[in-house]
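Coordinate analysis (summary)
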Amino acid sequence: MEPEKFYYDNKIVKQFALATIIWGVVALLYGLFAAFHIFLPNWGMHLEYFTFGRIRPIHTNAAIFAFVGNGIFTAVYYSMQRLLKTRMYSDLLSKIHLWGWQLIIVAAAITLSLGITISKEYAELEWPIDIAITVIWVIFGINMFGTLLKRRVSHIYVAIWFYIATWVTIAVLHIVNSFELPVSLFKSYPLFAGVQDALVQWWYGHNAVAFFLTTPYLGLMYYFIPKAANRPIYSYRLSIIHFWALIFLYIWAGPHHLLYSALPEWVQSLGIVFSIMLIAPSWGGMINGLLTLRGAWDKVREDPVLKLYVVAVTCYGMSTFEGPMMSLKWVNAISHFTDWTIGHVHIGVLGWNGFLTFGMLYWLIPRIFNTKLYSTKLANTHFWIATLGILFYAIPLYFAGITQASMWKQFTPEGFLVYPNFLETVTQILPMYHIRAFGGSLYYTGVLLWVYNLYKTMKAGSLVANEEAEAVPLPVQEKKSTSEGWHRFLERKPLLFLTASLIVILIGGMVEIIPTYFIKSNVPTIESVKPYTPLELLGRDVYVSEGCYNCHSQMIRPFRSETERYGEYSKGGEAVYNHPFQYGSKRTGPDLAREGVKSGKLYKPDSWHYNHMIDPQKINDKSIMPPYPWLAKKDINMRLTPKKIRVMQTLGVPYPEGYDKIANDDLMKQAKKISDGLSDEGIDVEPTRQIVALIAYLQRLGTDIIVDK
Amino acid sequence: MHAIVFLIIIGVIVAGGFLIAFIWAVKSGQYDDNYSPAVRILFDDDIPKKKKEEKENSKDTKQNNNNKPVNSL
């Protein structure tokens, strides 16, 4: 058969590459901002849009979904066309995918800045954006599978398998973790509560790392490393084993994020076992990537692209060894809630994702612009600066994490905490935060060099928007060795479609059925646990909106060092009305799970909370908490109270029938009491202010099961 | 903890889907040849007649395959 002439779509590749670059600059800038903000609490200029609690979700979302996300799409759109010897299925779908994704990112940046969030880490976006993500993801899927169907190469290269797994799994994860009931356009409550919500969230959170930051980038590794080194992957067989083993193991490891929490013990153990098993395929992949360069190490010395890849793959190996270690209970007891975790994830994202992205674009941009890289020397400089940046970033955080955990756990011979004041354990590690910010600045400098170098390269060349290619259509190629396979594929197609649609239908069905079924399981198991009062509920929404969970956990683990410091450990039954859960994952400040217990170790009067929120440094000049003065100026939205109560009732929270009508009366009563109490101490504040609601919520925390004398 | 049951069901469905894909891949001969796919991806860049001859003796060693027709495989 005659070879067919066709054109690769390079324009879409260029556009996604540009998006990667632009969002990379933004995402890392926000990261840098957060790195300084954490020890300079007034860095946010007293503006609500720039407090750590709002910056951090923007940084993580931008880094994952904007920077790495567009990096994934660049790789997919470039490599799939070439691997399958065809143009993408539809130019229109490509365009919708591109612009739709960028719009979602912009919407995310705006809403998160405004404090519109559901507070589930890496899934903070509110429901309208969740729906938009689903739609765009489906469009991406159609485009991808369409391309697969019209391919001119029968064999599906391993990189594409990784892309497929990414698409399927992210679709499922996103949908399941986004079950939420809307209150208004910008507010919703998740379907699950407390520990169940936590389990669903970390099942998502872990797999977002697995299937958004790892599998697509492994696909990228399996394509771009062989291309850059111009030699085949070390072992194709190993890559196949790597893929299937990884896919089957990854999805079960999520519970390792909730060790020592109220999650049932056996689920925790299951998560640990799968986490440990993950070392095998992960290291198989790392070895495969590195050994591809066997006999080519002389090239690595010259070529910045290969250098970046070597460090990227090494970082992959380090994170995937460290991760399973951190999921061991006795390591987790130390590492959890500390900066160790932050160091760990940044080895992954800065090293693995960042360096692969840098390398990919250094290699890819000159190719589609039909020119040479502007400056290899500059790229080498970038490599060294960024590598140093990672070291200066991560090592201090390991140091900080272990130091702080040790201080939290240290007892005097008499059995008292050596550092009962949490702040002491924070000021101790501030120098580490300074070095981290320095490391981040180095890395960011490297990024700017990268952008400059790529910009100059693009200027020097001109885009080959439609690259001509030729390939023989499929059946002829099949005559070579796998002709039977091809026919079998045709035969199996209906079956394949049937299976796929069955899965879709099953998921669809569950979306409808599960809600009614699962609400019942949110029934309390502890008699004394009561729903929040309307004021507390609205205060909780303020807590969520300000992103307090980014620095304060609400999960006291059953260790003596924690019960001594914070009070009785957290029970699963206490959180049954918590839509969403607020366990948190990091303690930059102290745990707040027993904040409201009057006889507790952390109890503070209302006036303290007020003054502390307005100006934390006035209470403690070494405090690193940013001020929240607008809380005393902005009102809570009482119009939404009845609706919120009704939504909570639908979710199974036992407010009495018709309570939504009188909820605001109760709310005002409680608010007046607090504001009167405050005015007795010389603080004048309207009862409708957000700070009053927030104080009400904080004073409620942990009180349900503790009887105050 | 019905959420666990729920997640396990979802997990099994996803894993089941992948299992089917795996069986398909093996049976359809995707993995019969574990050598040439790795090599083949290196040969797919340019159409020889169209490309301006790039000087390959430059330092840029990544450039490849100028003289390997795509369809010779």
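Treat the numbers as computed from the prediction; the structure is a model and nothing was measured.

1. Structural notes on the overall build of chain A
For chain A, the count of helices and strands is 25 helices and four strands. Taken over the C-alpha trace, chain A has a radius of gyration of 27 Å; the compact-globule value for 709 residues is 27 Å, and the two agree within 12%. Overall, chain A is about 90 × 50 × 45 Å in size when its C-alpha atoms are taken along their principal axes. Within chain A, the proportion of its 709 residues that are buried is 53%. Long-range contacts, defined here as pairs at least 24 residues apart, represent 82% of the contacts in chain A between residues at least 6 apart.

2. Quick word on the overall build of chain B
Along the backbone of chain B there are two helices and zero strands. Here chain B holds 73 residues, and the buried ones make up 21% of them.

3. Some details on the packing of helix 6 (residues 194–229) of chain A against helix 13 (residues 339–368) of chain A
Any two packed helices are characterised by how steeply their axes cross, that is the angle between the axes, and by the distance between the axes. Residues and elements named next belong to chain A. Contact geometry for helix 6 and helix 13: axes closest at 10 Å, N-to-C directions at 40°. Classified by the interaxial angle, the pair formed by helix 6 and helix 13 is oblique. Two packed elements cross with a definite hand, and for helix 6 against helix 13 that hand is left-handed. Packed against helix 6, whose contacting residues are Leu 213, Tyr 217, Leu 220, Met 221, Phe 224 and Ala 228, the element helix 13 presents Gly 348, Val 349, Trp 352, Asn 353, Leu 356, Gly 359, Met 360 and Trp 363 at the interface. In terms of residue class, the contact of helix 6 with helix 13 is made up of 11 nonpolar, three polar and no charged.

4. Concerning the environment of Phe 39 of chain A
Residue and element names in this part refer to chain A. Mapped onto the fold, Phe 39 is located in the loop between helix 1 (10–37) and helix 2 (52–84). Taking the C-alpha atoms as reference points, Phe 39 and Ala 437, 398 residues apart in sequence, are found 9.5 Å from one another. Those residues within four positions of Phe 39 in sequence are excluded, and the remaining contacts are Leu 430, Tyr 433, His 434 and Ile 624.

5. Things to note about the nonpolar core
Within soluble globular proteins, side chains that are nonpolar tend to cluster in buried spots. Core analysis: the biggest nonpolar cluster contains 211 residues, and Leu 199 and Ala 312 of chain A have the highest contact counts within it. Setting aside its immediate chain neighbours within four residues, Ala 312 of chain A contacts Gly 351, Trp 352, Phe 355, Leu 356 and Gly 359 of chain A.

6. Some remarks on helix 4 (residues 127–149) of chain A
All names here are of chain A. The end-to-end C-alpha distance of helix 4, which contains 23 residues, comes to 33 Å, matching closely the 33 Å that a straight helix rising 1.5 Å per residue would cover. Turning to helix 4, its buried residues are Trp 127, Ile 129, Ile 133, Phe 140, Asn 143, Met 144 and Thr 147. Of the surrounding secondary structure, the elements contacted by the buried residues of helix 4 are helix 2, helix 3 (91–113), helix 5 (158–177), strand 2 (180–184) and strand 3 (187–190).

7. Side note on the pairing of strand 4 (residues 466–471) of chain A
All names here are of chain A. Across the two faces of strand 4 the burial differs, with Glu 467, Ala 469 and Ala 471 buried and Asn 466, Glu 468 and Glu 470 not buried at all. Pairing analysis gives six bridges linking strand 1 (residues 4–9) to strand 4, with the strands arranged antiparallel. Paired with Lys 5 across the two strands is Glu 470, which belongs to strand 4.

8. What about the environment of Phe 243 of chain A?
Residue and element names in this part refer to chain A. Mapped onto the elements of the fold, Phe 243 is located in helix 7 (residues 236–250). Phe 243 sits 41 residues away from Gly 284 along the chain, and the two C-alpha atoms are 9.7 Å apart. Leaving out residues up to four positions away in the same chain, Phe 243 has contacts with Val 158, Trp 161 and Phe 162.

9. Regarding the confidence of the model for chain B
Residue and element names in this part refer to chain B. Averaged over chain B, the pLDDT score is 68; the fraction of residues at 70 or greater is 58%. Segment residues 49–73: pLDDT under 50, and 39 contacts once partners within four positions in sequence are set aside and those in other chains are kept. Here the predicted complex carries an ipTM of 0.71, next to a pTM of 0.89.

10. Some points on the confidence of the model for chain A
With 92% of its residues at a pLDDT of at least 70, chain A reaches an overall mean of 91. Counted against residues more than four places away or in other chains, residues 476–484 of chain A, with its pLDDT under 50, gives 12 contacts.

11. Re the packing of helix 2 of chain A against helix 5 of chain A
Residue and element names in this part refer to chain A. Closest axis-to-axis distance for the helix 2/helix 5 pair is 10 Å, and the angle between their directions is 130°. Overall, the two elements helix 2 and helix 5 adopt an arrangement that is oblique. Crossing geometry of helix 2 relative to helix 5 is assigned as left-handed. In this structure, helix 2 uses Val 76, Ser 79, Met 80 and Leu 83 to contact helix 5, whose residues at the interface are Ala 159, Ile 160 and Tyr 163. Considering only residue class, the contact of helix 2 with helix 5 consists of six nonpolar, one polar and no charged.

12. Notes on helix 13 of chain A
All names here are of chain A. Here helix 13 spans 41 Å end to end across 30 residues, near enough to the 44 Å set by a 1.5 Å rise per residue. The principal kink in helix 13, of about 30°, is found at Gly 354. Most of helix 13 sits inside the fold, with 28 of its 30 residues counted as buried. Among the residues trailing helix 13, Asn 370 stands out with phi positive, at a value near 50°.

13. What about unusual backbone geometry?
Outside of glycine, negative phi angles account for most residues, and trans bonds account for most peptide bonds. Residue and element names in this part refer to chain A. Cis geometry marks the peptide bond from His 579 to Pro 580; its omega dihedral reads -10°. One non-glycine residue, Tyr 122, lies in positive phi territory at about 65°. When you line up the elements, Tyr 122 lands in the loop between helix 3 and helix 4. Under the C-beta neighbour-count criterion, Tyr 122 is labelled partly exposed, with 19 such atoms within 10 Å.

Rules and cut-offs
- Residues numbered from 1 in each chain as written.
- Chains lettered and ligands numbered in written order.
- Predicted model: local features only at pLDDT ≥ 70, side-chain atom pairs only at ≥ 80, totals over all residues.
- Helix = DSSP H or I, 4+ residues; strand = E, 2+ residues; numbered from the N terminus.
- Rg over C-alpha atoms; globule rule 2.2 N^0.38 Å.
- Buried ≥ 20, exposed ≤ 12 C-beta atoms within 10 Å, placed from the backbone.
- Contact = placed C-beta atoms within 7 Å.
- Axes fitted to C-alpha atoms, helices over the stretch in contact; angles between N-to-C directions.
- Parallel < 35°, antiparallel > 145°, perpendicular 65-115°, else oblique.
- Left-handed = near helix turned anticlockwise from the far one by under 90°.
- Nonpolar A, V, L, I, M, F, W, Y, C, P; charged D, E, K, R; others polar.
- Core = buried A, V, L, I, M, F, W, Y, C linked by C-beta atoms within 7 Å.
- Expected span 1.5 Å × (residues − 1).
- Pairing = 2+ DSSP bridges.
- pLDDT = per-residue confidence, 0-100.
- Bend = angle between axes of the 7 residues up to and from the residue.

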